[in-house]
Structure formats: C-alpha cells, structure tokens
Amino acid sequence: MCGIVGYIGNREVFPILLKGLKRLEYRGYDSAGIAILNGDLHVYKKAGKVSDLEKHIADSDVTSTIGIGHTRWATHGAPNDENAHPHLSQSGNLTIIHNGIIENYASIKTELKGRGYTFHSDTDTEVLINLIEEIKKQEKCTLEDAVRIALNQVIGAYAIVVMDKNNPNQLIAARKGSPLVLGIGEKEFFIASDASPIVEYTKNVVYLDDQEYAVINRTGDFYIKTLGNVEKSPAIQKLEMSIEAIEKGGFEHFMLKEIYEQPKVIADSLRGRMSAVEGWIKLGGLDEYINRINNAHRIIITACGTSWHSGLIGEYLIEELARVNVEVEYASEFRYRNPIINSSDVVLAISQSGETADTLAAIELAKERQALIYGICNVIGSSIARVSHAGSYTHAGPEIGVASTKAFSTQVSILILIALQIAKHKGTIANSKLREILYELENIPKKVEKALALDEQVKEIAAIYKDAPNFLYLGRGLNFPVALEGALKLKEISYIHAEGYPAAEMKHGPIALIDEAMPVVFLATNQSAYEKIISNIQEVKARKGKVIAIVNEGDTEIKEIADHVIEVPATEEILSPLVTIVPLQLLSYHIAVMRGANVDQPRNLAKSVTVE
Ligand code: AGP
C-alpha cells in the first residue's frame, strides 16, 4: 500500500506535500518523492523515508502552487531511487503517482517498447504513464481522454494523480480498488489516499468511487466522471476527523497513544448503541437485516491479521450467546478455495482500514453468491464499508501505528453488541442477563484504564525478557484468540518469534519447546477452565519455562507458581478480551522500544495490505 497526495491552488505546495506524506507514511515507507511545476517540471525522489527525501530536496527551489507526492511500499521493483514515484513519461511532459497494481503491465510494456518507448524503472506505474502518453499522441486527444482510455485498458487496482508540464492549471485523479479522497477548499484542491493530509485545510471532501476520475482545475471548478465518460454529481461530505486525532498527543509513538486511547474509543464505539438501564441495543445496519441474520444458516466471519483474531472472539461470542453456527475464515484462503456459500449465509467482514485486498475479494465472492455482507470497519467511506450491504463503524479514530490496538478493542466491542443483539432477538438470553452484561460493558472503559495502570509493571517484565529469542502465548476459550493477538503484536513490532496456542495444545507439540530460555505468557483469567490452566502452568514450570501469567485481581493460586503475575480487573468472561489484551499490547510495545525497533513503522509491514 502506498500514500499519495496532491495539491493545486494558491498556497505554496511543498509544505503541503511534505506534511501530507509524513501523515501518510504509515501506508508505506520504503521510498518517497514529489513532482512540482514552476515553469518546468521538477521531480525529486529517493529511497528511504520522507525525512530522507526532505534532506535530498533541502537546497532546491520548490516554489510552486501545484504538485503531487508519493510514499511507497514496493510491489513492483526494489525500493530504490529509480522505482520511487513520481514517474515521468518518455517525453518528460507527463508525471504520475500511483497506489495499487496494474496486473497487465507487462504486455502493455512490451507493446510500448515495440513503439520505441524505453523505461528507467521496473514499475508498473511507469508503464501506465507512458500508455497515457502514447494514447494522447495517437488519438490527438486531451489528457483527460487519454487517462480515461488508458484506464479502460488496464487491469488491476489504482489510485493515481496525473500532472501535465504544459498545463499547470489541472490535475487528474482516478481510482479503482485503492482509496482516494478529494478535499475541496476555496479555489484550492487537495487529493490524498485518506483524509489525514487534508483535514487541517478543509473538512469538505468527496470520496471517489471505483472507476471514477476527477478533473480538477485551478479556477476552482472540478468534475467527476465514470470511466464510461458519464459525469456524476459529487457527494460532498463533512470530515469528522480532527487534526489532534492524527497527532501523537505527547506520546512517544502512535502505538502507545492508541493503546491509551482504548478506554475512550471503546466508549465511543458503544455510544448511542446500547442502554443498560433500558436493556436495548441499536445497531442500524444489523437491525435492518436482523430477521435474515436470525434465520441465517451460518455466519461466516472473514478478515486478516488482527481483525481475524477479533473475528475468532466474535465466533465464541455469537455461538455462546446466540447459538448461531459461526465459521471464521482467513480472507486470503476463503477467496480462493471455492467455498460453499449462498443467500442463507451472512458474512461479517472485519477490517480496520476497510481496504485490505484479500478481505475485499472475499466479500466480492460472497456477494456474487448472494450472501448478506455486514462490514465492521474503522475508516469511514472505505471500500469495504461501501461494498457491504450494511455495517457498523468502530469509531476508533485514525489508527496510525501499523500494529493494530484500538481497532482490535473496538472491533471486539461491536462484536459483543452484535452477539447480544442476535441473542436478544432469538430469545437465547434472558433480559436480566442481557442487562447485567450491558452494565458491565458500560463499565469496561474504567477497567481498561485500570489495566493501563499496570504499564510500569509490564515495562519491568519487558526489560527481563526483551532478548528472548522466542515467546509462547497460551490461553483457553476466549483467551486463545487473545493469545494469538498478543503473539502477533510481539512478533510484528519487536521481530521476536512468538506463537499463540490453545493452552491445551501444549502436549501436542509445543511443550517440546519449553526450557529456561522460553518465556510463556498465560492468559489465565477464565474461571471456566481455571484448574486446567493451573496444570498447564505447572507443566511449563516443571520444564524450567518462565511463566508470565495474566490473572484476575486477587488471584492467589497462580501467584504461587508463576514467575510473574499481572493482575487485571475481573469482568464477565465474554468481555474479558477487552481487558486481558492490554498488558499484552504494552508488553510488545516496551520490548520493541527496548530493542530499538521502529514501533510505528515496523520493517516489511504496511498499515493496510491493499495489494495481494
Ligand atoms: C495488525 O497489527 C496488523 N497490522 C495486520 O495484521 C492487520 O490487522 C491486517 O493487515 C488487517 O488489516 P485491516 O484490519 O485493515 O483489514
């Protein structure tokens, strides 16, 4: 996934592009570049981070009021200067930035080479800008027409912005399968992959739909057309995001800020959607389809990564409370294994970004087979939100850290409400029990606050084990997905190998790993399997393993046998993931910081995997 940003108007463009790229860097950060027009077309691009690009440009004259910028996560071609965007056409007149993949670029490249084109990079993007140039030349048409014709010929996903050296009063932007937002100011326009580079300048935005393009003119007018050349009236929306929401707010890293935001964003995700006093739950999209959901043959939850872990929790919740058959599928597997699915199925698609390619593809497949699609997304106006029949936004606010934390917690909060709402309608939960759980759910933000207060203790434990080569995370029932999530957090930001397992699985292999160098994190809060967990801990201790146990406040038994005990506030078992995940997030964060890892932008990762 890459970040793209563009501007045309009456301000100096360079600071807008640079700040915008820094805000988008979480989307990809292996190279960056900008192109500006001031009489001539100037392209500056460099492997490395946006800060490296800034140094590279330091002494250049970047005076201009029109320009485009790009921060890359390499898909075609190594992350080096030549493959960095923007890319120029052969004539040097046209330049482009692109987020996505052109799947048929190789055949187009061969065709263009046959017509005398040469290429300086390995990218699909350079092929696209030369295709546009060739069409413009052959058809003797406008840049707009050439872009539209070219996009009708390419296969794949794109969000692009194109600029013409000979027309400093126009930008052309287009999208298919990758997000693009148009910010509308006073005789000025902003284009970006998401709203974060735009929000401080204007709150009026238009989200381009797939296979649409926008022609933006410095005069202050713009229009949107489909690739079928049909003009569309733009749906101007008001941005809800605030600028402080995307700053670090005094925290050293976005990830830590977002861990600490969890009490607030859990409350935000519940606000207006439940009342413990009156015993109601309101989820707009769900309520509209509640009969179809209640009569569903089964519910399929599909997602990737952390969102798949919250999906596993959703499975436990819905089956336990609503007695509906649930299957959880990795989207990347589901989309290719020709699943048996039809109109009696309901698909819950979970995605923070709302742009994950595999999850989008899984939805398309299920939709083709008439299943009902319910999206649980964090980014308003994202692709998954738009292709779903109904859904709920998690209202976690922008999650900038690549490691997902508050998105996980708010996804779980929404899944709890969904499970309770279905159970209520199916009559599988007594009203008194429902209200008891809702009261406790209202109380959860305070319990998460208390769990956050364990930060110093967790930091001390992190210092002891920061150099361990491997970790095991073990849990039973609802704590098994929490164990998986804790392991993912550690491995993706500290680069320590970590695995999550059902605690009972120990005997089927993992116990062979146990020795004095192996820290084992036990999630030991569930009362339903407490004695079993104790025996699992004893098995580890008997083999000299180091045990870090997450237990309920006041637990005395495990304190006697574990090496470290972290006491979290006790709560209803079905709500416990919202509390038990907190020390695991903090543990991974502190270990990563102590190891000098780049917490917010871990190596090889991007915030959202919008390409396969
Ligand atoms: C989680 O920490 C990772 N960054 C990653 O697994 C992420 O959850 C996954 O890529 C899914 O992203 P999505 O929720 O935006 O679809």
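Keep in mind it's a predicted model, so treat the numbers as computed, not measured. (Residues numbered from 1 in each chain as written. Predicted model: local features only at pLDDT ≥ 70, side-chain atom pairs only at ≥ 80, totals over all residues. Heavy atoms only, no water.)

Caption draft 1: Summary view of the sheet that holds strand E18 (residues 298-303). Strand order in this open sheet of five strands is E19-E18-E20-E21-E22, and the pairing throughout is parallel. One side of each edge strand has no neighbouring strand; the edge strands of this open sheet are strand E19 (326-330) and strand E22 (390-393). Within this sheet the neighbouring strands show an average axis-to-axis angle of 20 degrees, counted without direction. Sheet topology note: the strand E20 (residues 345-351)/strand E21 (residues 372-377) ladder contains six bridges and is parallel. The partner of Ser351 across the bridge, within E21, is Cys377. Packing against the sheet, helix H10 (residues 305-322) makes contact with E18, E19 and E20, and its axis sits at approximately 175 degrees to E19. Seen against the sheet, helix H14 (residues 406-426) touches E18, E20, E21 and E22 and runs at an angle of roughly 140 degrees to E21. (Pairing = 2+ DSSP bridges. Helix = DSSP H or I, 4+ residues; strand = E, 2+ residues; numbered from the N terminus. Axes fitted to C-alpha atoms, helices over the stretch in contact; angles between N-to-C directions. Contact = heavy atoms within 4.5 Å.)

Caption draft 2: The pattern of salt bridges, seen in detail. Summed over the entire model, instances satisfying the criterion amount to 36 salt bridges. When the shortest N-O distance is used, the salt bridge between Glu436 and Lys433 registers 3.1 Å. Pair noted here: Glu436 and Lys433 are both in helix H15 (residues 431-452), with a separation of three residues, about one helical turn. Residue classification places Glu436 among the partly exposed positions, given a relative accessible area of 42%. The partner of Lys507 in a salt bridge is Glu539, with the nearest N and O atoms 3.0 Å apart. In this pair, Lys507 is assigned in the loop between strand E24 (497-502) and strand E25 (519-523) and Glu539 in helix H18 (residues 530-542), connecting sequence segments 32 residues apart. (Salt bridge = Lys/Arg side-chain N within 4 Å of Asp/Glu carboxyl O. Buried < 20%, exposed > 50% of the residue type's maximum accessible area, 1.4 Å probe, protein only.)

Caption draft 3: Local environment of the packing of aromatic side chains. In this structure the tally under the stated criterion is six aromatic pairs. Here a set of aromatic residues connected by ring pairs shows up, and it is made of Tyr7, Phe190 and Tyr201. When the ring centre of Trp280 is taken as reference, the NZ or CZ atom of Lys282 above it lies at 4.1 Å. The aromatic ring of Tyr495 is capped on one face by Arg603, whose charged end is 3.8 Å from the ring centroid. (Phe/Tyr/Trp six-rings, centres within 6.5 Å; stacked < 30°, edge-to-face > 60°. Lys NZ or Arg CZ within 6 Å of the ring centre and 35° of its normal.)

Caption draft 4: Representation of the site of the ligand within the structure. Close to the ligand lie 14 residues; Ser307, Ser351, Ser353, Thr356 and Glu492 are nearest. Within the backbone of Val402, a nitrogen or oxygen atom sits 2.8 Å from a nitrogen atom of the ligand. At 2.9 Å, a side-chain N or O of Lys489 approaches an oxygen atom of the ligand. Calculation on the ligand without its partners gives an accessible area of 410 Å², and the protein chains cover 91% of this total. Of all the secondary structure elements, the ones that give two or more residues to the shell around the ligand are H10 and helix H17 (479-494). Grouping the amino acids of the shell around the ligand by side-chain chemistry returns four nonpolar, eight polar and two charged. (Near = heavy atom within 4 Å. Polar contact = N/O pair within 3.5 Å; in protein donor to acceptor, adjacent residues only side chain to side chain. Areas by Shrake-Rupley, 256 points an atom, 1.4 Å probe, with all protein chains shown as cover. Nonpolar A, V, L, I, M, F, W, Y, C, P; charged D, E, K, R; others polar.)

Caption draft 5: Inspection of the nonpolar core at higher detail. If you look at the biggest cluster of nonpolar residues, it comprises 92 residues, and the most contacted ones within it are Ile299, Ile318, Leu441, Phe471 and Tyr473. Examining the composition of this core, we find that eleven residues originate from one element, H14, more than from any other. When near neighbours in sequence (up to four residues on either side) are disregarded, Leu441 contacts Leu270, Met274, Ile416, Leu417, Leu575 and Leu578. Membership of the second largest hydrophobic core comes to 31 residues, among which are Leu17, Ile36, Ile198 and Ile400. (Core = buried A, V, L, I, M, F, W, Y, C linked by side-chain atoms within 4.5 Å.)

Caption draft 6: Looking closely at the pairing of strand E8 (residues 170-176). Counting buried positions along E8 gives six out of seven residues, so the element sits mostly inside the fold. Direction of pairing for strand E7 (residues 156-164) relative to E8: antiparallel, over a ladder of five bridges. Along E8, the bridge assignment pairs Val162 with Ile172. Counted along the chain from E7 to the antiparallel partner E8, the turn is five residues long. Note: E8 against strand E12 (residues 212-217), six bridges, orientation antiparallel. Paired with Ile172 across the strands is Val215, a residue of E12.

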